[in-house]
Amino acid sequence: MKKNDTTSSASDGTLVITDSDNQQCLRVRKTKLLVISGALQGREFFVNRDVFTIGSGTHNDLRIDDSTVSKCHCEIVVDESGYQIKDLRSTNGTQVQGVRVESAHLAPGSEIKIGKVRIIFCPLQDSSDIPLSRNEAFGQMLGRSVPMRRIFYLAETYSPTDATIMITGETGTGKEILAEEIHNHSSRRDKQFIVIDCAAISKELIESELFGHVKGSFTSANADRQGAFELADGGTVFLDEIGDLSPDLQPKLLRVLEKREIRRVGCNKVRKINVRIISATNRNLATEVNENRFREDLFYRLSVVHLELPALRHRRDDVPLLVKHFLTDLHGEGAVEQVADFDRAMDILKRHEWPGNVRELRNLIELAFYSERRPVDLSAFLSLGRLRAGLSSIISEPEINFETDKPFKDAKSELIEDFERTYLKDLLERNKDNISRSAREAGIERAYLQRLVRKYGLRD
């Protein structure tokens, strides 16, 4: 591939490169790991993946057969910032330069200690390229940041195949949306996309939901019933919150993956199925494997392709793109023009930590326009966005109450006023009634805050 433009740079020779066809890739220095003590002493291993796993489990890229090393001990990840090592809550920990770390940047010559094993991180002179999508969208998924365009590239590559895919990421990052888009971009798009939430179904019922049952197999089984795998024959089954799957069912799911066959509850007849399986979780399944709560063989069978959606705080440059999309989608054409000082609002929103991720951002955009005040100050609604994302807010135990027997306009105004009054009381209390400091924290003008304070009689 011919390269002719460097669009951005990162540490240790990591660059985003654009070729003459406007195709981008992440250029990184090739790297090897040199084992200098313990098991495998003297051996060299090349880091040749986006995510390079290390542990005693048989499926790791670097397997260390040592009792001091956990099954899924740690992983080395490469992105636009360079190489990072992440401990997977191993029993004995991961050390870099003698310091135990959860995550750390790897500089040339860094010494890594894993259990009793010591390894030197050795970047080479040669480089390799990690392709990125040229697109800023994959169906409903949006993003122009490097992490998202890497996700899009992998999704575009593997959607047409039947590869089993594991999607991980925090709550609110869009795992189910991505799963459905992978289905929609596959040859199975005209068949069923069946969603099973493993966390929402009781242990007593989930086996029947997955595999079906025959009449009389348990008390309430009044008729034969097809399960998700039969219903989705020819299509896709999406197993959400797979980390909550009962240990009793894990070997049965493994059998489905290996043999593509199921047995209904209460029946010995084997039924062949033709389904693709996509799973998702916000848990760290490597930790679950280390603590023997999730089968190692099932973990690796489910994650033939692993897509980890980044948190919104790790892709802050995507915030304006997402905001414009949500404004148009929720409030119609012209909604962007109704936002007060859009560029300043984006600067404030990009600094927010977004514990609820994209879902929180969407909630904020939806609720901000309930206010009749125009133009709309999006930054003033940050706390309400968290509240509706179902996450802890700076407001203690918030509740939203409104009466539906009132005119829509009146009920909406009262809702906004209740929010503003509660938000401001909490804001001023935290900042000891200091107007300037409160305005800075809330990301609003001091004069506007003073008007709101006077409106609600919050100061003498």
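Attention here is on the structure that accompanies the text. (Residues numbered from 1 in each chain as written. Predicted model: local features only at pLDDT ≥ 70, side-chain atom pairs only at ≥ 80, totals over all residues. Heavy atoms only, no water.)

A few points about the overall build of the chain
Here's step 1: The helix and strand tally for the chain stands at 14 helices and 22 strands.
Here's step 2: Sequence-distant contacts, at least 24 apart, represent 59% of the contacts inside the chain between residues at least 6 apart.
Here's step 3: In the form shown here, the chain has an accessible surface area of approximately 22,500 Å², with 44% of it arising from carbon and sulfur atoms. (Helix = DSSP H or I, 4+ residues; strand = E, 2+ residues; numbered from the N terminus. Contact = heavy atoms within 4.5 Å. Areas by Shrake-Rupley, 256 points an atom, 1.4 Å probe, with all protein chains shown as cover.)

Observations concerning the nonpolar core
Across soluble globular proteins, you tend to see nonpolar side chains buried next to one another.
Here's step 1: One finds Val-323, Leu-361 and Leu-378 to be the most contacted residues of the largest nonpolar core, which totals 42 residues.
Here's step 2: Where this core is concerned, the elements lending two or more residues are helix H8 (319–331), helix H9 (342–351), helix H10 (357–368), helix H12 (408–430), helix H13 (435–442) and helix H14 (446–455).
Here's step 3: In contact with Leu-361, not counting residues within four places along its chain, are Leu-312, Val-319, Leu-322, Val-323, Phe-326, Leu-349 and Trp-354.
Here's step 4: In terms of nonpolar packing, the next biggest core, distinct from the first, is built from 33 residues, Ile-206, Phe-211, Ile-277 and Phe-299 among them. (Core = buried A, V, L, I, M, F, W, Y, C linked by side-chain atoms within 4.5 Å. Buried < 20%, exposed > 50% of the residue type's maximum accessible area, 1.4 Å probe, protein only.)

What about H10?
Here's step 1: End to end, H10 covers 17 Å across twelve residues, agreeing with the expected 16 Å (1.5 Å per residue, within 8%).
Here's step 2: Counting buried positions along H10 yields nine of twelve residues, so the element is predominantly enclosed. (Expected span 1.5 Å × (residues − 1).)

A look at the packing of H13 against H14
Here's step 1: Relative orientation of the contacting elements H13 and H14 amounts to 110°, with a least axis distance of 9 Å. Relative to H14, the element H13 lies roughly perpendicular. Mapping the contact onto sequence places Ile-435, Ser-436, Ser-438 and Ala-439 in H13 and Arg-446, Leu-449, Gln-450 and Val-453 in H14.
Here's step 2: For the contact of H13 with H14, the per-class residue count stands at four nonpolar, three polar and one charged. (Axes fitted to C-alpha atoms, helices over the stretch in contact; angles between N-to-C directions. Parallel < 35°, antiparallel > 145°, perpendicular 65-115°, else oblique. Nonpolar A, V, L, I, M, F, W, Y, C, P; charged D, E, K, R; others polar.)

Looking at unusual backbone geometry
Here's step 1: With a phi close to 45°, Asp-341 is a non-glycine residue in the positive phi region.
Here's step 2: Of note, Asp-341 is situated in the loop between H8 and H9.
Here's step 3: For Asp-341, a relative accessible area of 48% corresponds to the partly exposed category.
Here's step 4: For Asn-357, which is not glycine, the phi torsion reads 60° and is therefore positive.
Here's step 5: Mapped onto the secondary structure, Asn-357 falls in helix H10.

Observations regarding the side chain of Glu-296
Here's step 1: Looking at the secondary structure, you find Glu-296 in helix H7 (residues 296–302).
Here's step 2: No salt bridge is formed by the buried Glu-296; its nearest oppositely charged neighbour, Lys-71, is found at 4.8 Å.
Here's step 3: Leaving out residues up to four positions away in the same chain, Glu-296 has contacts with Gly-57, Thr-58, His-59, Lys-71 and Val-289. (Lys, Arg positive; Asp, Glu negative; His and termini not counted. Salt bridge = Lys/Arg side-chain N within 4 Å of Asp/Glu carboxyl O.)

A short note on the side chain of Asn-357
Here's step 1: By relative accessible area, Asn-357 is classed as buried at 0%.
Here's step 2: Separated by 2.9 Å, the side chain of Asn-357 and the backbone oxygen of Thr-171 make a polar contact.
Here's step 3: With near-sequence residues (within four places) excluded, Asn-357 lies in contact with Glu-170, Thr-171, Gly-172, Thr-173, Ala-311, Leu-312 and Arg-313. (Polar contact = N/O pair within 3.5 Å; in protein donor to acceptor, adjacent residues only side chain to side chain.)

Side note on the sheet that holds strand E6 (residues 62–63)
Here's step 1: Here five strands make up an open sheet; going across it, the order is E6-E5-E7-E8-E11 and the pairing mixed. Each edge of the open sheet is held by one strand with a lone partner, namely E6 and strand E11 (103–105).
Here's step 2: Here strand E7 (residues 74–79) runs beside strand E8 (residues 82–87); their pairing, made up of six bridges, is antiparallel. Each bridged residue has a counterpart across the sheet, and for Cys-74 the counterpart in E8 is Asp-87. (Pairing = 2+ DSSP bridges.)

Regarding the packing of H8 against H9
Here's step 1: Orientation of H8 relative to H9, taken along the N-to-C sense of each, is 115°, at an axis distance of 10 Å. The hand of the H8/H9 crossing is right-handed. Along the contact surface, H8 presents Val-319, Pro-320, Val-323, Lys-324 and Leu-327, while H9 presents Phe-342, Met-346, Leu-349 and Lys-350.
Here's step 2: Of the residues assigned to the contact of H8 with H9, the class counts are seven nonpolar, no polar and two charged. (Left-handed = near helix turned anticlockwise from the far one by under 90°.)

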